[in-house]
Amino acid sequence: MSEIACDGTAQRNRIIDGMSELPLVGVVMGSKSDYEVLVAAVEILRALLIPHEARVVSAHRTPDLLFEYAETARARGLRVIIAGAGGAAHLPGMLAAKTLVPVLGVPVAATQLNGLDALLSIVQMPKGVPVGTLAIGKAGAANAALLAAEFLATTDADLYDRLAAWRAARTQEVLAQSLEEELPG
Ligand code: RP5
């Protein structure tokens, strides 16, 4: 079970996860309201037994925390950062500007523009500071975690096997689908 820590230290707004004391993947979001989407990434990381953390870091409301997070990411052992935000969605790009840990951006539908604003903001990083951009919403969040897993699996054979099993299970789910009940006669 996750909880939000608000103890006034550098750990504030960290969503503590039981398996995540030495996280390899950081899941960062601009607001707690984004967790409804970013939980899809956390679920994948949990399923693949990848140590991770999830934290609220707002680019415009806690810019100093954003800088601290990005500047310490590599030394803390993070290998990939998944960053989700809505609206102007400058969180992924600003994180990428302050670290060489790869950043995967997830656009969140949080405004009247339904995430298209965030998608265009995140995907249009100027040449030189990349952010790998995923689809809007939960599918993008889940795929960000799967992509992070694929990166990590290039040097982790056990994770590669877990990932292959996860993919095979998805294949079996589709092969088991039938339209018999839907089709008359
Ligand atoms: C963005 O504004 C966040 O990433 C979130 O998607 C959106 C709304 O934030 P809240 O008003 O819910 O805190 O910065």
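Here the structure is shown first, and the text comes after it.
Not measured: the values here are computed from a predicted model.

Draft legend 1. Main features of the overall build of the chain. A tally of regular secondary structure across the chain gives six helices and seven strands. Traced from its N-terminal end to its C-terminal end, the chain shows the element sequence β-β-β-α-β-α-β-α-β-α-β-α-α. Relative to its full complement of 185 residues, the chain shows a buried share of 43%. Residue pairs at least 24 apart in sequence account for 64% of intrachain contacts in the chain once pairs closer than 6 positions are excluded. Total accessible area on the chain stands at roughly 10100 Å², and carbon and sulfur atoms take up 58% of it.

Draft legend 2. Main features of the pairing of strand β4 (residues 52-56). A large share of β4 lies buried, amounting to five of its five residues. Bridge count for strand β3 (residues 25-29) against β4 is five bridges, and the pairing is parallel. In the sheet register, Met29 faces β4, and the bridge partner there is Val56. Crossover β3 to β4 through helix α1 (residues 35-47) is right-handed.

Draft legend 3. Region of the structure containing the environment of Ala118. Summarising the element assignment, Ala118 is placed in helix α4 (residues 116-123). By relative accessible area, Ala118 is classed as buried at 0%. The spatial distance from the C-alpha of Ala118 to the C-alpha of Gly105 is 9.5 Å, given a sequence separation of 13 residues. Once residues lying within four places of it in the same chain are set aside, the contact partners of Ala118 are Ala85, Gly86, Gly87, Ala89, Pro107 and Val108.

What counts and how
Residues numbered from 1 in each chain as written. Predicted model: local features only at pLDDT ≥ 70, side-chain atom pairs only at ≥ 80, totals over all residues. Heavy atoms only, no water. Helix = DSSP H or I, 4+ residues; strand = E, 2+ residues; numbered from the N terminus. Buried < 20%, exposed > 50% of the residue type's maximum accessible area, 1.4 Å probe, protein only. Contact = heavy atoms within 4.5 Å. Areas by Shrake-Rupley, 256 points an atom, 1.4 Å probe, with all protein chains shown as cover. Pairing = 2+ DSSP bridges. Right-handed = clockwise from strand over helix to strand, strands pointing away.

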